[in-house]
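Close look at the chain arrangement
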Amino acid sequence: MSRLLVVFLSVMLGSAIAHSDYHIPNLGEKATEFKDEGKEAHKREGMSHAASLILQRKMHPELLLHKRDKTLRQGVRGGYAQLKECVECHTSVDKNGEHVPINAPDQFCATCHEKVGTSLDCFSCHRTTPAEEL
Amino acid sequence: MKELNRREFIKNSTAVTASVATVASGISLTTFAAGPKETDPVTNEKRWGMLIDTNKLTEVDIEDMVSACQEEHGWGEETHSTGDQKPGWIKKVKVKDTATQRISNLALMCQHCEEPPCVDVCPTNASMKREDGIVLVDKHRCIGCRYCMMACPYDARSFVHEDLSNQKEHMPRGKGTVESCTLCVHKVDKGEQPACVEALNSDAVVFGDLLDPTSNIHQTLKRVQSTQIRADLNLNTGVRYSGI
Amino acid sequence: MSIIRYEQTQGKSLGFYALIAGLGAFILAALGSVYFMEHSGHHVTGMSNRIVWGLPHVFALFLIVAASGALNIASIASVFNKKIYKPLSRLSGLVALALLAGGLMVLVLDLGRPDRLIVAMTEYNFESIFAWNIILYNGFFLIVGVYLWMMFERRMNKYSRKVGIAAFTWRLILTTGTGSIFGFLVARQAYDAVIMAPMFVVMSFAFGLAFFVLVLMASYKWTERALGDAIVNRLSNLLGVFVAAVLYFVAVYHLGNLYLAENSGVENFILMDGGIYTQLFWYGQIILGGLLPLALLYSPATKGNRSMLGLASVLVILGGLAQLYVIIIGGQAYPMELFPGKEILEGYGTIAAYTPTLPELMLGLGGIAVALIAITYLVKFLPFLPESLADHVADPHHKN
């Protein structure tokens with residue numbers, strides 16, 4: 001019985017810590033500007049901005065997955081959910097004015113992915129910084 | 001009581017799953033306040049192809065085509081791969097007829113077959129052919145088994161033997177997957193020509209829709225004699241050659 | 001017929017732990033090699049865009065082919081009703097499963113993206129022979145597992161013949177599928193031949209039996225159990241027949257290829273001037289792996305001698321590895337015929353170079369070690385081995 005209690009308490013404690021540990025990840029340079037200007041990113045019709053953001057946060061893998069197959073296999077171009085757009089807005093710039101790879105530790109993608117322990121496979125092939133200006 | 005609980009639990013969780021599914025399917029219907037529109041999927045009303053006239057093609061031309069391809073897709077700067085490990089999406093091949101001693105030079109790349117052996121053998125459907133005839137590797141699904149490279153009659157595919165970074169935005173490439181000529185699908189979808197064709201800008205290489213009777217390539221193919229490499233395999237390639 | 005009693009091995013001796021430790025070391029070395037290869041990329045191997053399948057695939061295909069062959073002993077007992085092989089059925093099923101596990105491990109760990117194995121299990125292209133093979137391998141595990149259960153569980157014994165027939169059919173299809181991985185590659189002169197499939201089946205008979213004989217003799221010697229000549233001599237004869245059959249198929253395959261002018265180039269390469277491949281073919285595959293074992297098995301001076309049977313089995317295995325090396329790597333090294341009637345001066349058409357590296361070798365040996373460690377452990381935990389295979393137990397009618 002006492003053992004059960006210990007397990008129960010540690011689970012409670014763990015979830016409390018996990019909760020208090022929540023913080024907004026490094027949004028990246030353009031996304032931060034966008035937010036500071038008061039613009040509503042990822043806003044969907046018929047949904048509040050807050051709800052749209054939650055949806056984006058929860059479902060970005062599904063959205064990207066769906067689009068990726070359409071683009072590559074059927075040749076559907078343009079539209080929402082393009083990985084290069086994610087990278088474009090959510091990368092940061094370091095002191096030297098260079099873009100930091102979005103999957104680097106403490107950057108936009110890595111923050112959450114490391115915390116929840118899910119692999120981040122996009123960038124084993126995709127470019128991690130916005131394309132160089134031509 | 002316990003039994004009831006379990007049943008209730010199943011009922012409830014089904015309801016939750018169903019509502020999640022409804023929300024999820026609703027999402028694809030929810031549109032964005034602003035954003036670019038998606039294009040329609042490509043269809044088999046088009047079949048992209050290329051005609052390479054080796055009589056008009058100089059060796060320098062072919063080298064230009066190769067470097068244009070490297071520039072466009074960012075291959076060829078691998079530092080660790082040696083010899084045959086280096087990628088070669090397009091290469092210059094020089095052949096001599098054993099009877100007549102006639103020498104011709106040609107650019108060899110993925111021939112974008114109508115019946116591609118690489119697509120037949122791929123266990124995961126990563127090797128695929130788009131409706132408009134462009135043969136691609138879906139690197140999201142490629143497990144790096146290299147069976148497609150065994151099956152390709154044209155030695156057209158390369159395996160990425162090392163870690164890469166700083167890829168081109170339109171051309172993701174990564175260690176452990178197979179890659180080959182995409183016929184510059186990202187440009188073709190925008191209505192442009194493949195990089196190697198643009199680099200040459202002469203009538204030695206014609207690119208276009210093989211099925212369109214008004215296209216330059218369709219009419220040229222009607223007029224001049226042309227061949228497919230390994231025509232005996234009946235693969236009906238999208239890339240054709242004349243003068244060999 | 002006397003009742004056969006099966007018993008676990010003790011597995012407490014110093015020798016047992018030494019064996020486990022030795023095999024474990026090989027497995028660790030293999031895992032280290034995999035980490036090195038996957039972390040750096042395949043540039044650290046000898047494989048390239050021309051030799052896309054290298055030494056790991058030689059070992060992997062050898063083990064997979066041998067796996068289906070090792071099941072033959074059980075099949076002879078249950079399908080063809082040869083009672084003398086019956087006591088060996090359980091071990092036969094075990095060796096088959098262990099070899100397949102080892103082979104698949106090597107195959108999977110050499111993938112460019114082994115982390116995506118789940119994709120291979122969920123995305124099937126049913127036109128791909130490779131995808132069929134994935135199904136065939138998984139099915140083999142299942143069907144041989146059920147087969148073993150039927151043999152172990154007394155009340156299920158009555159079904160063992162039916163399941164045995166199913167397993168036998170399945171293994172024939174499996175090896176046909178493995179051979180067809182090469183047989184259907186129309187573009188490559190060395191492979192495009194339907195005979196590849198039956199040749200792989202016969203190769204599996206020989207390699208699988210050789211492996212089985214070694215496992216059997218070693219386990220009976222090390223556990224100090226009786227193993228009579230009645231069984232050993234039969235296995236020895238059987239091995240001889242299979243080795244001869246492989247030689248026959250190899251001869252038909254090459255003669256058939258020589259007859260076609262379009263394939264004379266690659267035939268010349270393998271048989272005459274292919275350097276290492278020619279040497280491996282003649283010295284490795286034909287002499288060491290074929291003629292010498294036949295001589296050892298049949299010549300009056302060595303016939304019936306267990307050490308010589310063991311040596312013959314080792315030679316058959318080495319010859320088999322040489323044969324697969326020649327088929328897989330030799331077949332790729334010779335360039336494809338891109339322009340019939342033309343000579344390629346530049347850009348393609350040279351003989352591709354391949355030097356296997358240590359990590360590739362260790363990965364391949366690791367596959368064999370996995371198979372052996374699985375056998376060693378499982379005979380300790382389950383009664384696979386009859387406590388005695390002395391002549392009067394195995395074959396009461398045996399006369400010396």
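All figures in this text were calculated on a predicted structure; none of them were measured in a lab. What you see as residue numbers is a count from 1 along each chain, following the sequence as written. To read the labels, note that chains go from A and ligands from 1, taken in the order they are written. Totals for whole chains, interfaces and linings use every residue, but because this is a predicted model, local features are given only for residues with pLDDT of at least 70 and side-chain atom pairs only at 80 or more, for both listing and counting. Think of the side-chain values as coming from all heavy atoms in the structure, minus any hydrogens and water.

Secondary structure elements follow DSSP: runs of H or I no shorter than four residues count as helices, runs of E no shorter than two count as strands, and numbering proceeds from the N terminus. The helix and strand inventory of chain C stands at 14 helices and five strands. The reference for a compact globule is 2.2 Å times residues^0.38; the radius of gyration itself is calculated from the C-alpha atoms. On C-alpha atoms alone, chain C measures out to a radius of gyration of 21 Å, which is about the 21 Å that the 2.2 N^0.38 rule sets for 400 residues. Principal-axis analysis of the C-alpha atoms gives chain C an extent of 70 × 50 × 40 Å. The buried share of chain C, taken over its 400 residues, is 60%. Contacts spanning at least 24 positions in sequence make up 79% of the contacts within chain C whose residues lie at least 6 apart. Type-normalised accessible area, obtained with a 1.4 Å probe on protein chains alone, sets the label of each residue: buried when under 20%, exposed when over 50%, and partly exposed for intermediate values. What makes two residues a contact is simply this: any of their non-hydrogen atoms within 4.5 Å.

With that settled, the discussion passes to empty space enclosed by the protein. All names here are of chain C. Computed over the protein atoms alone on a 1 Å grid, cavities are sets of points where a 1.4 Å probe fits but cannot get out and pockets are open sets with protein on both sides within 12 Å along at least five of seven lines; a residue lines them when it has an atom within 4 Å of a point. Grid points are joined across faces, edges and corners, and a volume is the space filled by probe spheres set on the points. All told, the structure shown has eight cavities of 30 Å³ or more when counted by the stated rule. Lining the largest cavity are 16 residues, and of these Y253, H254, I270, V326 and I327 sit closest to its centre. Residue composition of the lining of the largest cavity, grouped by class: 10 nonpolar, five polar and one charged. Gly is placed with the polar residues, together with every amino acid not listed as nonpolar (Ala, Val, Leu, Ile, Met, Phe, Trp, Tyr, Cys and Pro) or charged (Asp, Glu, Lys and Arg).

Definition of nonpolar core: a set of buried residues of the types Ala, Val, Leu, Ile, Met, Phe, Trp, Tyr and Cys, connected through side-chain atoms within 4.5 Å. M50 and Y147 of chain B together with F182, L216 and L235 of chain C are the most contacted members of the largest nonpolar core, which has 203 residues in total. With five residues, the next largest nonpolar core counts L83, V87, I102 and F123 of chain A among its residues.

Facing the 55 residues of chain C at the interface are 53 residues of chain B. Accessible area that two parts lose when put together, evaluated with a 1.4 Å probe and summed over both, is termed the buried area. Summing the contributions of chain C and of chain B, the shared interface buries around 4500 Å²; its carbon and sulfur component is 56%. Note on definitions: salt bridges are taken to be side-chain nitrogens of Lys or Arg within 4 Å of carboxyl oxygens of Asp or Glu. Counting across the interface, chain C meets chain B through five salt bridges. E346 of chain C is paired through a salt bridge with K92 of chain B; the nearest N and O atoms lie 3.3 Å apart. Think of a polar contact as two N or O atoms within 3.5 Å of one another; within protein, one of them needs to be a possible hydrogen donor and the other a possible acceptor, and neighboring residues in sequence only count if both atoms come from side chains. The tally of links between chain C and chain B comes to 36 residue pairs in polar contact (both at pLDDT 80 or more). In terms of residue count, the dominant contributor to the side of chain C that touches chain B is strand β3 (residues 342–346) of chain C (five residues). For the side of chain C that touches chain B, the class distribution of residues is 25 nonpolar, 18 polar and 12 charged.

Our focus in this paragraph is a negative patch on the surface. Side chains of E114, E115 and D120 of chain B together with E127 of chain C sit close together on the surface and give a patch of like negative charge. With respect to the helices and strands, E115 of chain B occurs in the loop between β3 (103–109) and α3 (117–121). Its relative accessible area of 45% is what places E115 of chain B among the partly exposed residues. Residues enter patches when their relative accessible area tops 30% and they take part in no salt bridge; the joining distance is 9 Å for like charges and 5 Å for the nonpolar side chains Val, Leu, Ile, Met, Phe, Trp and Tyr. In this description, accessible areas are obtained by the Shrake-Rupley approach with a 1.4 Å probe, and a residue is regarded as covered only by the protein chains that are shown. None of His or the chain ends enter the tally, which takes Lys and Arg as positive and Asp and Glu as negative. Where a charge sits is defined by one atom per residue type, namely NZ (Lys), CZ (Arg), CG (Asp) or CD (Glu).

Okay, the sheet that holds strand β1 (residues 48–53) of chain B next. Residue and element names in this part refer to chain B. Any two strands with at least two DSSP bridges between them are considered paired. Read across the sheet, three strands follow the order β8-β1-β9 without closing on themselves; strand pairing throughout is mixed. Single-partner strands in this sheet number two, and they are β8 (205–209) and β9 (239–242). The sheet shows a mean angle of 20° between the axes of neighbouring strands, taken without regard to direction. Of the pairings in the sheet, the one linking β1 to β9 comprises four bridges and is parallel in character. Following the sheet pairing, L51 is matched in β9 by R240. Axes here mean lines fitted to C-alpha atoms, for a helix over just the part in contact, with angles spanning 0 to 180 degrees between N-to-C directions.

So, about the packing of helix α2 (residues 55–70) of chain C against helix α13 (residues 358–381) of chain C. All names here are of chain C. Closest axis-to-axis distance for the α2/α13 pair is 8 Å, and the angle between their directions is 15°. On the basis of the axis angle, α2 is roughly parallel to α13. The handedness of the crossing between α2 and α13 comes out as right-handed. Only E360, L361, L363, G364, L365, G367 and I368 of α13 make contact with α2, whose side of the interface consists of L55, P56, F59 and L63. Of the residues in the contact of α2 with α13, the class split is eight nonpolar, two polar and one charged. For classification purposes, angles smaller than 35 degrees are called roughly parallel, those larger than 145 roughly antiparallel, those between 65 and 115 roughly perpendicular, and all remaining angles oblique. Working rule for handedness: look at the near helix, and if it is turned counterclockwise from the far one by less than a right angle, call the crossing left-handed; if clockwise, right-handed.

For any pair of aromatic rings, the description consists of the separation of the ring centres together with the inter-plane angle of the planes. Two rings from Phe, Tyr or Trp (for Trp, the six-membered ring) form a pair when their centres sit within 6.5 Å of each other. Planes less than 30 degrees apart are called stacked, planes more than 60 degrees apart edge-to-face, and all others tilted. For the structure shown, the criterion picks out 22 aromatic pairs over all chains. Ring geometry for F205 of chain C versus F242 of chain C: centroids 5.0 Å apart, planes at 40°, classification tilted. Within this pair, whereas F205 of chain C is found in helix α8 (residues 196–222), its partner F242 of chain C is found in helix α9 (residues 229–259), the two being separated by 37 residues in sequence. Judged by relative accessible area, which is 11%, F242 of chain C ranks as buried. Ring plane angle 45° and centroid distance 5.7 Å describe the contact between F269 of chain C and Y277 of chain C, whose orientation is recorded as tilted. Pair check on accessibility: F269 of chain C and Y277 of chain C agree, each one buried. A connected cluster of aromatic rings, assembled from ring pairs, spans Y147 of chain B together with W53, F130, F182, Y191 and F200 of chain C. Only Lys NZ and Arg CZ are tested; either one counts as a charge over a ring when it is within 6 Å of the ring centre and within 35 degrees of the ring normal. For R146 of chain B, the ring lying beneath its charged end belongs to F159 of chain B, and the centroid distance is 4.8 Å. Residue placement shows R90 of chain C over the ring face of Y6 of chain C; its charged tip is 3.6 Å from the ring centre.

Here we take up the layout of surface pockets. All names here are of chain C. Empty space within the second largest pocket amounts to approximately 750 Å³. Around the second largest pocket sit 30 residues that line it, and L19, A218, S219, W222 and T376 are the ones nearest its centre. Taken together, the elements giving at least two residues each to the lining of the second largest pocket come down to α1 (14–40), α8, α12 (306–333) and α13. Looking at side-chain class alone, the lining of the second largest pocket contains 19 nonpolar, eight polar and three charged residues.

In helix packing, the relevant descriptors are the interaxial angle and the interaxial distance, both defined with respect to the helix axes. Residues and elements named next belong to chain C. Two elements in contact, helix α4 (residues 89–109) and α13, have axes whose closest approach is 8 Å; the angle formed by their N-to-C orientations is 150°. Taken together, the axes of α4 and α13 lie roughly antiparallel to each other. α4 and α13 meet at a crossing whose hand is right-handed. In this structure, α4 contributes L91, L94, V95, A98, L99, G102, M105, V106 and L109 to the contact, and α13 contributes L363, G364, G366, G367, V370, A371, A374, I375, L378 and V379. Its residues assigned to classes, the contact of α4 with α13 comprises 15 nonpolar, four polar and no charged.

Okay, the sheet that holds β3 of chain B next. Pairing within the open sheet is antiparallel, and its three strands lie in the order β3(B)-β2(B)-β3(C). Across the chains shown, the open sheet's two edge strands, defined by having one partner strand only, are β3 of chain B together with β3 of chain C. Within the sheet, the average angular offset between the axes of one strand and its neighbour, ignoring direction, is 40°. Across seven bridges, the pairing between strand β2 (residues 90–97) of chain B and β3 of chain B is antiparallel.

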